[in-house]
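Chains, contacts and geometry: an overview
Here is what each chain is made of, one letter per residue.
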Amino acid sequence: MPDPVARDAAEAESVFSHPAVAPDASVAYGEHPDQVVDFYAPRGGQDSVPLVVLLHGGAWRAPYDRQHVTPFADFLARRGLAVANVEYRRGSEIPQQRGSEPVAGRWPETFDDVAAAMDALPGLARRALPQADVRRVVVTGHSAGGQLALWAAARHVLPVGSPWRLASPPPLRGVVALAPVADFARAVELDVCGGAVVQLLGGDAQFGSRIAHADPSALLPTGIATAVVQGRVDIVVPYAVTESYVDAAAKAGETVGLTLLEDVGHFPLIDPAADACAVVAEEIAQLAW
């Protein structure tokens, strides 16, 4: 049996080895430098194709930006989809928060940005990428981005008074979450990404009061078609986290589609060189078309 750590390192090396792919257009959705969306047109020149909104992972930490998923965005575009690769504010460099690891996320800015980008995207896409049919939108995300994708599809069930709450469900065909940090309590128990979940919510003192506003497993049922793709041997965001989320959905009366890939870890899901990436693209296409 392959060493899990060695396997994970090899898979990470592969996904990060691809050169970044430049977008066809970039548009700001706010004034901060991180408030930008990169658009990728369908490579076959098709008109009126579904739009995939892509939220990258990286434990909500500043060093990991949207560049590492540009080959994945291009992979989807080569399959005839329009893609919006969203950037958002991540770990802060506020001096008192510095430590041995980059701080994960910013509260409330990370969520402000995802909400603002999702709300602005129909108008932005109409101007920047007219091939995109904004009536057919699927949101996807990997790892921490998977949490944000599930959250974006669940804003209508946020607690009353939340600044991000929508009055009605977002107009989505569905959400495809890739190895998502989808159950915060289980992720904290397993120390996923070295304490990133607690950092995202502002630390231990704020965790209890903010979890209901951010944890996908607490925002159920959504009524939005939801699929999760997970590698069984993932040691970054273990299958136990996804399993807990799927169980929570079932208890809430909602069925979440689960594609569990054997002998697959965390990174092949967004690696164009991996077979798992084609499975992900098919899951997205099934909801989009």
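An account of the accompanying structure is given in this report.

Rules behind the numbers
- Residues numbered from 1 in each chain as written.
- Predicted model: local features only at pLDDT ≥ 70, side-chain atom pairs only at ≥ 80, totals over all residues.
- Heavy atoms only, no water.
- Helix = DSSP H or I, 4+ residues; strand = E, 2+ residues; numbered from the N terminus.
- Rg over C-alpha atoms; globule rule 2.2 N^0.38 Å.
- Buried < 20%, exposed > 50% of the residue type's maximum accessible area, 1.4 Å probe, protein only.
- Pairing = 2+ DSSP bridges.
- Salt bridge = Lys/Arg side-chain N within 4 Å of Asp/Glu carboxyl O.
- Contact = heavy atoms within 4.5 Å.
- Expected span 1.5 Å × (residues − 1).
- Axes fitted to C-alpha atoms, helices over the stretch in contact; angles between N-to-C directions.

**Some thoughts on the overall build of the chain**
From N to C terminus, the chain includes nine helices and eight strands. Here the C-alpha radius of gyration of the chain, 17 Å, is about what a compact globule of 289 residues would show, namely 19 Å. Projected onto the principal axes, the alpha-carbon positions of the chain cover approximately 50 × 50 × 45 Å. When the 289 residues of the chain are sorted by exposure, 58% land in the buried category.

**Some points on the pairing of strand 7 (residues 226-231)**
Across the six residues of strand 7, six count as buried, placing the element largely inside the fold. With burial as the criterion, each face of strand 7 is covered, one bearing Thr226, Val228 and Gln230 and the other bearing Ala227, Val229 and Gly231. For strand 6 (residues 174-178) and strand 7, the ladder comprises four bridges, and the chain directions are parallel. Paired with Val176 across the two strands is Ala227, which belongs to strand 7. Note that strand 7 and strand 8 (residues 257-261) share five bridges and pair parallel. Opposite Gln230, over in strand 8, you have Leu260 as the bridge partner.

**Here we look at the pattern of salt bridges**
In the structure shown here, the tally under the stated rule is 13 salt bridges. The partner of Arg89 in a salt bridge is Asp113, and the shortest N-O contact between them spans 2.7 Å. Separated by 24 residues along the polypeptide, Arg89 in the loop between strand 4 (82-86) and helix 3 (109-128) and Asp113 in helix 3 bring together distant segments of the chain. Look at Arg89 and you get buried, because its relative accessible area is 15%. Assessed through its relative accessible area of 0%, Asp113 is described here as buried.

**Considering the environment of Gly44**
Looking at the secondary structure, you find Gly44 in the loop between strand 2 (36-40) and strand 3 (49-55). Once the C-alpha coordinates of Gly44 and Leu166 are considered, the two residues, 122 residues apart in sequence, prove to be 35 Å apart.

**As for the environment of Leu200**
The residue Leu200 is located in helix 6 (residues 196-200) in this model. Sequence separation between Leu200 and Trp107 is 93 residues; the distance between their C-alpha atoms is 6.7 Å. In this view, Leu200 contacts Trp60, Ala104, Gly105, Trp107, Phe111, Gln147 and Phe184; residues no more than four positions away in its chain are not counted.

**Quick look at unusual backbone geometry**
With glycine set apart, most residues show a phi of negative sign, and most peptide bonds adopt trans. In this model, Trp107 is joined to Pro108 through a cis peptide bond whose omega is 10°. For Pro108, the position within the fold is in the loop between strand 4 and helix 3. Residues Leu220 and Pro221 are joined by a peptide bond in cis, for which omega reads -5°. Examined against the element boundaries, Pro221 turns out to sit in the loop between helix 7 (204-210) and strand 7. Residues other than glycine seldom take positive phi values, yet Ser48 does so here, at roughly 55°.

**Some thoughts on helix 9 (residues 275-288)**
Relative to the 20 Å expected for 14 residues at 1.5 Å per residue, helix 9 spans 20 Å between its end C-alpha atoms, a close match to the ideal helical length. Along helix 9, the residues that are buried comprise Ala276, Cys277, Val280, Ala281, Glu283, Ile284, Ala285, Leu287 and Ala288. The secondary structure elements touched by the buried residues of helix 9 are strand 3, helix 2 (70-77), strand 5 (132-142), strand 6, strand 7 and strand 8.

**Quick notes on the sheet that holds strand 1 (residues 25-28)**
One open sheet accounts for eight strands, arranged 1-2-4-3-5-6-7-8; its pairing is mixed. The outermost strands of the open sheet, each flanked by one partner alone, are strand 1 and strand 8. Within this sheet the neighbouring strands show an average axis-to-axis angle of 20°, counted without direction. Taken together, the five bridges between strand 5 and strand 6 define a ladder with parallel strand orientation. Of the residues in strand 6, the one forming a bridge with His142 is Leu178. Set on the sheet, helix 4 (residues 144-152) makes contact with strand 3, strand 5, strand 6 and strand 7; between it and strand 5 the angle comes to about 140°.

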